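Inside the fold
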2 protein chains.
Amino acid sequence: MKRINIGLLGLGNIGSGTYKVLELNRKHIEATTGLDLRIAKILELDTTRERGFAVGPEKFTQDPEAIFADPDIDIVIELLGGVEPATSHMLAALKAGKSVVTANKAALAENYEALTEAAKASGAQLRFEASVGGGIPLVGAITELLCANEFTEILGILNGTTNYILTKMAEEGRAYEEVLKEAQALGFAEADPTADVEGHDVANKLSILMSIVFGTRVRPEGIPTRGISQITKKDIEEAEAEGCVIKLLASAFKTADGVECFVQPTYLNKTHPLADVRNEFNALFIKGNAVDDLMLYGKGAGPFPTASAVLGDAIAIAKTLP
Amino acid sequence: MKRINIGLLGLGNIGSGTYKVLELNRKHIEATTGLDLRIAKILELDTTRERGFAVGPEKFTQDPEAIFADPDIDIVIELLGGVEPATSHMLAALKAGKSVVTANKAALAENYEALTEAAKASGAQLRFEASVGGGIPLVGAITELLCANEFTEILGILNGTTNYILTKMAEEGRAYEEVLKEAQALGFAEADPTADVEGHDVANKLSILMSIVFGTRVRPEGIPTRGISQITKKDIEEAEAEGCVIKLLASAFKTADGVECFVQPTYLNKTHPLADVRNEFNALFIKGNAVDDLMLYGKGAGPFPTASAVLGDAIAIAKTLP
């Protein structure tokens, strides 16, 4: 059994989900991979919150350097969210030679070059499956399993909040404001839903996808972006009359001049595989020059699906460690 | 650039597709992976057939040992199809320390233990992404990217011929025999369609899936299997009246006593993600205890989609070679 010590940055919802899934599936992971993954240190201010599991108080630290400078720590998992201090912490960890796993789309979309170059410079690994599509293993599928393809087109439903709202508007004939309030009550939408409903969250994810699919770096601010807050019942009915649904799509296409991309509400014919992606589900539809049309569908958010991606990345790194 | 020499067993439709995709995407693969993959030797009787590309006659051999004993060959790709001589060749290659990539579901389903044990014994790798689901990267997704999950359920549409026939019957109200003849004319069904329409092809694939998803070995003959040849227009209409479609499903579930599995035509509610998998497309729907519901959808057959999977496996192995 190979013992791998993890330094975890952040024990909020996603961090706690990761901790729980690791304990839940510990025996399975040990049996199938031969890896004994241990969360050895945790950077977290709130050491007393009730999380549904016990963490020894000696694991908590308020000093990120205590993690990055510890020679026993093999992998750093960053689940703080937000651009800073997450980016600075990841850069420090990579510089110290620690491989990093992150679920942080905002930090990656903002600082993709700095982070990937820091990894290259130190020879450490940077993996970020959970940053786009939550539990859907699309980063690994594109960069590893499908790497014999050149891709010509990507279309994604990459935000569960807006897809939930559009689904309810279409299937129940309800108005945007009413469904948004319901989504907030159910916890599918934030109290301030701007980042979701105006498409900024999707633009962050599309920025990351364009880097890995096309090798093209476009900052989120450079992606023409329109959200769903202006979509009316009438828009939905007009789409329906043409045999279509409206989905908030992240789109990118190879053109003669490079790559075109945008985030906007889009008519999709009901026969398109993405048209059937309902409620909070996410999906990525890609076209490769060998594999042809491919779709990956699943839960794009939530502590357990996100933990699936985070731990998959940690295990992939752990397998390569001596 | 790391040079990797490949010994290819079989230059039929799939072998030729693999050769073509490698040449088509050579620059992309070199740029993104740093690998220079070369098909150095080819086991194939037919050296003169017009394949749409030129192969130096010195590459052909009729002697498999000339490949397995060649110290310059790094990876063997087996695309002969059928149980024998493919199994014997793969065992000989693994014994000689060559890692093996195969698309051969029949050989794997029949000889899974012998092949995986031969790989273990010699320390060589055995990868078989293309054997289930063609271009859909489901083997790698399950065994690598999603390996932090325990799975409780798999449902698959894993045969394009039968899904094409069922789709046309449902959408165009036509009879089984008529659509089968059309599928044969279009090349979607074999002259002898038994293995497809009676579910044996799907049973082979489900046998392989159960090994990787549940670690449970069930031989294809041990899977209760019923095909679609008895499905009538009336059956389809009755399903429709209940808001369902009929799909030929490969199903496996964890139960208190172990794992239950079968291949049979199954009612699927139209809201189920698999209900929208039309024509020759394949899809796998799985439920993990962290990731929850996940579906992978794409082309389950054809030279180019299969080549995508075969070359993805070859690249994964090549990255680990010194």
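Residues numbered from 1 in each chain as written. Chains lettered and ligands numbered in written order. Predicted model: local features only at pLDDT ≥ 70, side-chain atom pairs only at ≥ 80, totals over all residues. Heavy atoms only, no water.

Bringing the overall build of chain A into the picture now. Each helix and strand counted, chain A has twelve helices and eleven strands in total. In terms of overall size, chain A behaves like a compact globule, its C-alpha atoms giving a radius of gyration of 20 Å where 322 residues would be expected to give roughly 20 Å. Relative to its 322 residues, chain A shows a buried fraction of 57%. By sequence separation, contacts in chain A at least 24 residues apart represent 70% of the contacts at least 6 residues apart. (Helix = DSSP H or I, 4+ residues; strand = E, 2+ residues; numbered from the N terminus. Rg over C-alpha atoms; globule rule 2.2 N^0.38 Å. Buried < 20%, exposed > 50% of the residue type's maximum accessible area, 1.4 Å probe, protein only. Contact = heavy atoms within 4.5 Å.)

Another point: the interface of chain A and chain B. Each partner contributes residues to the interface: chain A has 42 residues there, and chain B has 42 residues. Buried area between chain A and chain B, both sides added, is near 3500 Å², and the carbon and sulfur share of it is 60%. When the buried surface of chain A facing chain B is broken down by residue, L145(A), A148(A) and Y297(A) rank first, second and third, together holding 19% of it. Taken together, chain A and chain B are joined by two salt bridges. One salt bridge connects K299(A) with D292(B), and the closest N-O pair in it is separated by 3.0 Å. For the interface between chain A and chain B, the tally reads twelve residue pairs in polar contact (both at pLDDT 80 or more). Counting only elements with at least two residues in the side of chain A that touches chain B, the list comes to α1 (13-24), α2 (26-33), α6 (138-145), β11 (292-299) and α12 (303-320) of chain A. (Buried area = accessible area lost by both parts, 1.4 Å probe. Salt bridge = Lys/Arg side-chain N within 4 Å of Asp/Glu carboxyl O. Polar contact = N/O pair within 3.5 Å; in protein donor to acceptor, adjacent residues only side chain to side chain.)

A few words on the relation of the copies chain A and chain B. What connects the two chain copies is a rotation about an axis and a shift along it. Superposing chain A onto chain B requires a rotation of 180° together with a translation of 0.0 Å along the rotation axis, leaving an RMSD of 0.0 Å. When the rotation and shift are considered jointly, the pair of chain copies conforms to a two-fold rotation axis. Closest approach to the rotation axis within chain A is made by the C-alpha atom of L296(A), at a distance of 2.4 Å. Of the residues that chain A buries at the interface, 100% are likewise interface residues in chain B, meaning the two copies contact each other through the same surface. (Least-squares fit on C-alpha atoms with pLDDT ≥ 70 in both.)

This part is about the sheet that holds strand β6 (residues 126-127) of chain B. All names here are of chain B. On the basis of which strands lie adjacent, the open sheet formed by six strands has the order β3-β2-β1-β4-β5-β6 and parallel pairing. With partners counted over all chains shown, the strands left at the sheet margins are β3 (60-61) and β6, one partner each. Here two bridges tie strand β5 (residues 99-102) to β6, and the two strands are oriented parallel to one another. Each residue of the ladder has a partner; that of V101, found in β6, is R127. (Pairing = 2+ DSSP bridges.)

When the parts of a complex come together, some accessible area is lost, and that lost area is often taken as the interface size. All names here are of chain A. Here chain A is partitioned into domain 1 (2-135 + 303-320) and domain 2 (142-299). Between the C-alpha centres of domain 1 and domain 2 the distance comes to 28 Å. Facing the 16 residues of domain 1 at the interface are 16 residues of domain 2. Summed over both partners, the interface of domain 1 with domain 2 comes to about 1200 Å²; 58% of that surface belongs to carbon and sulfur atoms. Run the count over domain 1 and domain 2 and you get four salt bridges. Remark: the boundary between domain 1 and domain 2 carries seven residue pairs in polar contact (both at pLDDT 80 or more). Tallied by class, residues from the side of domain 1 that touches domain 2 come to seven nonpolar, five polar and four charged. (Domains from an automatic or database assignment. Nonpolar A, V, L, I, M, F, W, Y, C, P; charged D, E, K, R; others polar.)

Each pair of packed helices can be described by the angle between their axes along with the distance between the axes. Residues and elements named next belong to chain A. Relative orientation of the contacting elements helix α5 (residues 105-122) and helix α10 (residues 200-214) amounts to 55°, with a least axis distance of 9 Å. Looking at the two axes, α5 sits oblique to α10. Two packed elements cross with a definite hand, and for α5 against α10 that hand is left-handed. Across the interface between the two elements, K105, A106, L108, A109 and Y112 from α5 touch D201, N204, K205, S207, I208, S211 and I212 from α10. (Axes fitted to C-alpha atoms, helices over the stretch in contact; angles between N-to-C directions. Parallel < 35°, antiparallel > 145°, perpendicular 65-115°, else oblique. Left-handed = near helix turned anticlockwise from the far one by under 90°.)

Residue and element names in this part refer to chain B. Counted under the stated rule, the structure contains ten aromatic pairs over all chains. Taking the centre distance of 4.5 Å and the plane angle of 15° together, the rings of Y19 and F53 count as stacked. Here Y19 is found in helix α1 (residues 13-24), whereas its partner F53 is found in the loop between β2 (35-43) and β3, with 34 residues between them in sequence. Among the residues examined, Y19 registers a relative accessible area of 7% and is labelled buried. Relative to F128, the ring of Y112 lies with its centre 6.0 Å away and its plane at 80°, an arrangement referred to as edge-to-face. Pair noted here: Y112 is in helix α5 (residues 105-122) and F128 is in the loop between β6 and α6 (138-145), with a separation of 16 residues, a long-range link. A relative accessible area of 15% means that Y112 is categorised as buried. (Phe/Tyr/Trp six-rings, centres within 6.5 Å; stacked < 30°, edge-to-face > 60°.)

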